[in-house]
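Okay, here's what each chain looks like letter by letter:
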Amino acid sequence: MEQTIKVKTAHHAYAVKIIPNGLSQLGIYLSKIWSKRQIAIITDENVAPIYAEQVRQQLGSAGFTAQLLVIPAGERSKSWQQLIKLIDQLAAWHFTRSDGILAVGGGVIGDLAGLAASIYLRGISIVQVPTSLLAQVDSSVGGKTAIDLTAGKNLVGTFYQPDLVLIDPTVLQTLPERLVIEGYGEVIKCAALVGSNFWQLTSKIHSVADIYKFSSELIAASVAFKAKVVTEDETETHQRQLLNLGHTLGHAVERAAAGRLFHGEAVAIGLYQICRLFEKAKLTVSPTTEQVAQRLQAVGLPLTDEALATPAFYAALTHDKKIHDGRLTLIYLEKIGQPNFYPWSLKKVIIWLKRELPTIN
Ligand SMILES: NC(=O)c1ccc[n+]([C@@H]2O[C@H](COP(=O)([O-])OP(=O)(O)OC[C@H]3O[C@@H](n4cnc5c(N)ncnc54)[C@H](O)[C@@H]3O)[C@@H](O)[C@H]2O)c1
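Residues numbered from 1 in each chain as written. Predicted model: local features only at pLDDT ≥ 70, side-chain atom pairs only at ≥ 80, totals over all residues. Heavy atoms only, no water.

1. As for the sheet that holds strand β4 (residues 65-71)
A sheet is described by the order of its strands in space; here seven strands give the open sequence β1-β2-β9-β6-β5-β3-β4, paired in mixed fashion. The open sheet has two free edges, formed respectively by β1 (3-8) and β4, since each of these has just one partner strand. On average, each strand axis in the sheet is inclined to that of its neighbour by 20°, with strand direction left out of account. Judged from the seven bridges that link them, strand β3 (residues 38-44) and β4 form a sheet pairing that is parallel. Of the residues in β4, the one forming a bridge with I39 is A66. Lying over the sheet, helix α3 (residues 80-92) contacts β3, β4 and β5 (100-105), oriented at roughly 160° with respect to β4. (Pairing = 2+ DSSP bridges. Helix = DSSP H or I, 4+ residues; strand = E, 2+ residues; numbered from the N terminus. Axes fitted to C-alpha atoms, helices over the stretch in contact; angles between N-to-C directions. Contact = heavy atoms within 4.5 Å.)

2. As for the UniProt feature "binding site: Zn(2+)" (unreviewed entry) in the chain
If you check UniProt for "binding site: Zn(2+)" (unreviewed entry), the listed places come out as E186, H247 and H263 in our numbering. Sequence-wise these annotated residues cover 78 residues; spatially they are packed, their C-alpha atoms never more than 10.0 Å apart. When only the residues just named are considered, the second largest cavity is lined by H247. On the secondary structure map, H247 appears in helix α10 (residues 247-256). (UniProt positions renumbered as here; feature names shortened; annotations may be inferred. 1 Å grid on protein atoms, 1.4 Å probe; cavity = no way out; pocket = protein on both sides within 12 Å on 5 of 7 lines; lining within 4 Å.)

3. A closer look at the nonpolar core
V16, L133, Y184, F313, L317 and L353 are the most contacted members of the largest nonpolar core, which totals 80 residues. Both domain 1 (3-174) and domain 2 (177-359) contribute no fewer than three residues apiece to this core. Residues in contact with L133, not counting those within four places in the same chain, are L172, L175, V180, G183, Y184, I211 and I219. Judged by nonpolar contacts, the second largest core, of 23 residues, contains I19, L59, A62 and V127. (Core = buried A, V, L, I, M, F, W, Y, C linked by side-chain atoms within 4.5 Å. Buried < 20%, exposed > 50% of the residue type's maximum accessible area, 1.4 Å probe, protein only. Domains from an automatic or database assignment.)

4. Quick notes on helix α4 (residues 107-119)
Taking 1.5 Å of rise per residue, the 13 residues of α4 would be expected to cover 18 Å, and the 18 Å separating its terminal C-alpha atoms lies within 8% of that figure. Burial runs high along α4: twelve of the 13 residues are buried. Where α4 is concerned, the buried positions are G107, V108, I109, G110, D111, L112, A113, G114, L115, A116, A117 and S118. L121, located one to two residues past α4, shows a positive phi value of around 50°. (Expected span 1.5 Å × (residues − 1).)

5. Focus: unusual backbone geometry
A cis amide bond, omega 5°, links S286 with the succeeding residue P287. Among the structural elements, P287 can be located in the loop between α11 (263-280) and α12 (288-297). Look at L121: it is not a glycine, yet its phi comes out positive at around 50°. Of note, L121 is situated in the loop between α4 and β6 (125-130). We classify L121 as partly exposed; its relative accessible area is 37%. Phi is positive for S196, which is not a glycine, with a value near 40°.

6. Quick notes on the UniProt feature "domain: 3-dehydroquinate synthase N-terminal" (unreviewed entry) in the chain
In this structure's numbering, the residues bearing the UniProt feature "domain: 3-dehydroquinate synthase N-terminal" (unreviewed entry) are residues 69-180. For residues 69-180, helix accounts for 33% and strand for 29%, while the C-alpha atoms at its two ends are 25 Å apart.

7. A short note on the pattern of salt bridges
As a working rule, side chains carrying opposite charge can pair if their charged atoms are close by. Summed over all chains, the structure comprises twelve salt bridges. Notably, a salt bridge pairs K189 with E186, separated by 3.0 Å at the nearest N-O pair. Note that K189 and E186 are positioned in helix α6 (residues 177-194) at a spacing of three residues, about one turn of the helix. Its relative accessible area of 2% is what places K189 among the buried residues. A relative accessible area of 1% means that E186 is categorised as buried. One salt bridge connects K280 with E356, and the closest N-O pair in it is separated by 2.7 Å. Here E356 lies in helix α14 (residues 346-356) and K280 lies in helix α11, a separation of 76 residues in the sequence. In this structure K280 comes out as exposed when scored by relative accessible area, which is 54%. (Salt bridge = Lys/Arg side-chain N within 4 Å of Asp/Glu carboxyl O.)

8. Comments concerning the site of the ligand
As a structural note, the neighbourhood of the ligand is formed by 26 residues, with D44, E75, T131, S132 and T174 the closest of them. One nitrogen or oxygen atom from the side chain of D44 is found 2.6 Å from an oxygen atom belonging to the ligand. In this structure, an oxygen atom belonging to the ligand sits 3.5 Å away from a side-chain N or O atom of K153. Here the ligand has 860 Å² of accessible area as a free molecule, and 87% of this is covered by the chains. Of all elements in the fold, only α2 (48-61), α4, α5 (133-139), β8 (152-159) and α6 reach the threshold of two or more residues within the shell around the ligand. Here the shell around the ligand is built from residues that sort into nine nonpolar, eight polar and nine charged. (Near = heavy atom within 4 Å. Polar contact = N/O pair within 3.5 Å; in protein donor to acceptor, adjacent residues only side chain to side chain. Areas by Shrake-Rupley, 256 points an atom, 1.4 Å probe, with all protein chains shown as cover. Nonpolar A, V, L, I, M, F, W, Y, C, P; charged D, E, K, R; others polar.)

9. Regarding the pairing of strand β10 (residues 327-335)
Inspection of the sheet shows β10 paired to strand β11 (residues 338-345) by eight bridges, in the antiparallel sense. Note on β11: the bridge partner recorded for I331 is F341. From the end of β10 to the start of β11, which pair antiparallel, there are two residues, and G337 there has a positive phi angle of about 85°.

As structure tokens, then:
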């Protein structure tokens with residue numbers, strides 16, 4: 001069954017469509033929003049062998065001229081080098097503002113292709129076809145684009161909304177299982193922020209098989225929430241910051257683990273620890289932490305990691321790009337479905353965490 005969620009920002013409105021087997025009707029959906037034009041399929045070397053031919057055929061049968069650019073897989077492709085390569089290729093294909101980009105892949109492809117679309121000829125159209133769970137529930141919606149610098153992740157980017165996001169949950173069947181689970185970490189975060197029916201839905205998930213079984217519902221609930229937040233606060237001045245629940249500690253532990261933890265696993269740890277610490281401080285009601293722990297553990301997501309006890313964790317925390325004037329805004333849950341902001345001085349946060357987090361024995 002097809003589900004459509006509308007995203008509306010100050011300058012742009014578009015649909016996010018969740019369509020099982022939607023990839024096999026991609027041409028039809030693109031024809032509805034774009035007149036005949038050249039389309040650059042941007043994808044990565046893992047996704048291309050599985051889906052590029054099907055996508056190319058879809059575009060051809062709908063009368064589009066398809067070009068294909070395959071980028072190396074992984075975070076390292078969010079670089080100046082790949083951005084320049086992509087933009088040079090668009091120019092070599094003589095792309096004009098009547099042409100468009102189709103980003104087919106995970107968050108890396110979405111972020112890189114989105115940035116290229118936003119700056120080539122001062123902006124050409126883009127459609128996102130996210131293929132990882134993380135990209136389907138999070139990164140493809142909202143228009144944040146980025147590449148990384150040596151100094152940190154996502155330091156160069158734009159806000160640039162796509163014309164359409166087409167999500168086919170069946171492509172998750174080819175996504176490695178650990179990536180399905182880490183993407184689900186973001187879903188639990190959203191469900192904890194929203195509460196009510198969304199939180200209830202996550203009580204049905206006891207295994208990876210359940211994630212597949214309920215993927216359309218989980219994606220729709222996550223996207224509906226993200227669409228609402230983005231509609232209210234496109235550029236993350238206030239409300240959109242709530243999406244950072246679990247991310248302050250999560251990012252720091254991810255960096256300290258130096259590649260050992262996936263992003264969604266680190267967010268799971270950040271989410272659990274922030275609940276535990278705020279519940280101890282009596283700002284989060286019991287048994288919120290236990291409920292969160294149950295949801296995370298149901299699919300084997302971690303609650304803690306030795307990297308929390310390392311100097312690298314505190315170094316990463318100190319370099320959080322969301323620190324302003326020595327202050328950090330922690331997001332916490334008063335209870336499930338009731339998030340709140342806790343602005344605090346970085347120095348005090350660090351003293352508090354050194355006291356409350358696990359220490360090295
Ligand atoms: N723009 C935003 O708002 C936003 C939000 C969250 C995260 N992000 C960014 O997203 C990125 C992470 O996204 P990700 O986890 O999707 O990483 P990714 O794009 O590297 O994809 C993960 C891996 O899965 C493979 N893959 C993707 N779909 C597949 C499929 N269907 N079958 C087989 N393999 C598949 C990819 O080739 C890659 O190896 C980070 O760079 C992060 O900064 C952006």
